[in-house]
Amino acid sequence: PKLAMSGAEEEKLQIFEAYAKEFDHSKNLIVSMSSPISDARHALLEFSQYRHFEFDTLRRAKYSTAMLLYHLKNSDAPGVVPLCNSCNEAIEEVRWHKMKKSAEKRRITKFMKPVSPEPEFQQEELCGYCHSKHSEKDAFIPIPVSLKLS
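How each quantity is defined
Residues numbered from 1 in each chain as written. Predicted model: local features only at pLDDT ≥ 70, side-chain atom pairs only at ≥ 80, totals over all residues. Heavy atoms only, no water. Core = buried A, V, L, I, M, F, W, Y, C linked by side-chain atoms within 4.5 Å. Buried < 20%, exposed > 50% of the residue type's maximum accessible area, 1.4 Å probe, protein only. Contact = heavy atoms within 4.5 Å. Salt bridge = Lys/Arg side-chain N within 4 Å of Asp/Glu carboxyl O. Helix = DSSP H or I, 4+ residues; strand = E, 2+ residues; numbered from the N terminus. Expected span 1.5 Å × (residues − 1). Arc of directions from axis to C-beta. Phe/Tyr/Trp six-rings, centres within 6.5 Å; stacked < 30°, edge-to-face > 60°.

Asker: Help me get a handle on the nonpolar core, residues and values and all.
Answerer: By size, the foremost hydrophobic cluster in this structure holds 9 residues: I37, A43, F47, F53, L68, V80, V81, A90 and L147. When residues no more than four places from it in sequence are discounted, the contact partners of L68 are L44, F47, S48, F53 and F55. Core analysis: the second largest hydrophobic core is formed by 8 residues, I91, L126, C130 and A139 among them.

Next comes the structure, spelled out in structure tokens:
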């Protein structure tokens, strides 16, 4: 095929070969990296649940994959280990997750009184110490934490 090339094609080939020489192929070695997220299957699942990663649509799968890759590469990035909303300390053993109470949705007719809108739900994660001081203990469920700061 190189014999039947036009002048424009030969020029493009020379430009591409010059471009390809810039890359150092010895640096393309696969390096294994260790991350607290990739050390165990349950750590990856726990991290995905904590960060609300979903893969049910293409848009969510692209975002979740990009965030997983970012956190795998940058294991010291914020957001890997859950933080207490009250004291801003890293949660070590058990995080107390606030559950959203389900509200009854009803159809409003012109004869019914309108229902006041619910305030927006704020996700709340507490450490054991802050949970013991909290007034609404029944609104939280315990979730074990396996990710640790290194």
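Asker: Break down the pattern of salt bridges for me, with residues and values.
Answerer: A full pass over the atoms with the stated rule returns 5 salt bridges. The residue D56 makes a salt bridge to R60 at a minimum N-O spacing of 3.0 Å. Looking at R60, the relative accessible area reads 35%, which means it is partly exposed. Among the salt bridges present, the one from E136 reaches K98, with a minimum N-O distance of 3.9 Å. One end of the pair, E136, is in the loop between α4 (128-133) and β3 (140-144); the other, K98, is in strand β1 (residues 94-98), with 38 residues separating them in the sequence. According to the relative accessible area criterion, E136 is partly exposed, its value standing at 40%. Via salt bridges that share partners, E54, D56 and R60 belong to a single interconnected network.

Asker: Just give me the short version of helix α3 (residues 58-73), but keep the residues and values in it.
Answerer: Between its first and last C-alpha, α3 extends 22 Å over 16 residues, near the 22 Å set by a 1.5 Å rise per residue. Along α3, the residues classified as buried are A61, S64, L68 and H71. An end-on view of α3 places all buried positions within 105° of arc, on one side of the element. Facing away from the buried side of α3 by more than 90 degrees, the exposed set consists of L58, R59, K62, L69 and K73.

Asker: Give me the packing of aromatic side chains: which residues, what numbers.
Answerer: Taken as a whole and judged by the stated rule, the model has 2 aromatic pairs. Seen in terms of ring centroids, F53 and Y63 are 6.5 Å apart; in terms of plane orientation they differ by 75°. Their pairing is edge-to-face. With F53 in the loop between α2 (41-50) and α3 and Y63 in helix α3, this pair connects stretches of sequence that are 10 residues apart. In textbook terms, an aromatic cluster arises when at least three aromatic residues are bridged by ring pairs, as seen for F47, F53 and Y63.

Asker: Please give an account of unusual backbone geometry that cites residues and values.
Answerer: Note: most peptide bonds trans; most residues except glycine with negative phi. Here H52, not a glycine, exhibits a phi torsion of approximately 60°, which is positive. Assignment of secondary structure puts H52 in the loop between α2 and α3. One non-glycine residue, N88, lies in positive phi territory at about 60°. Summarising the element assignment, N88 is placed in the loop between α3 and β1. Relative accessible area serves as the criterion here: at 56%, N88 is assigned to the exposed category.

Asker: Any details on α2? Residues and values, ideally.
Answerer: Within the span of α2, buried status applies to A43, E46, F47, S48 and Y50. Its buried side turned inward, α2 meets α3, β1, β2 (125-126) and β3. Following α2 by one or two positions, H52 adopts a phi angle in the positive range, close to 60°.

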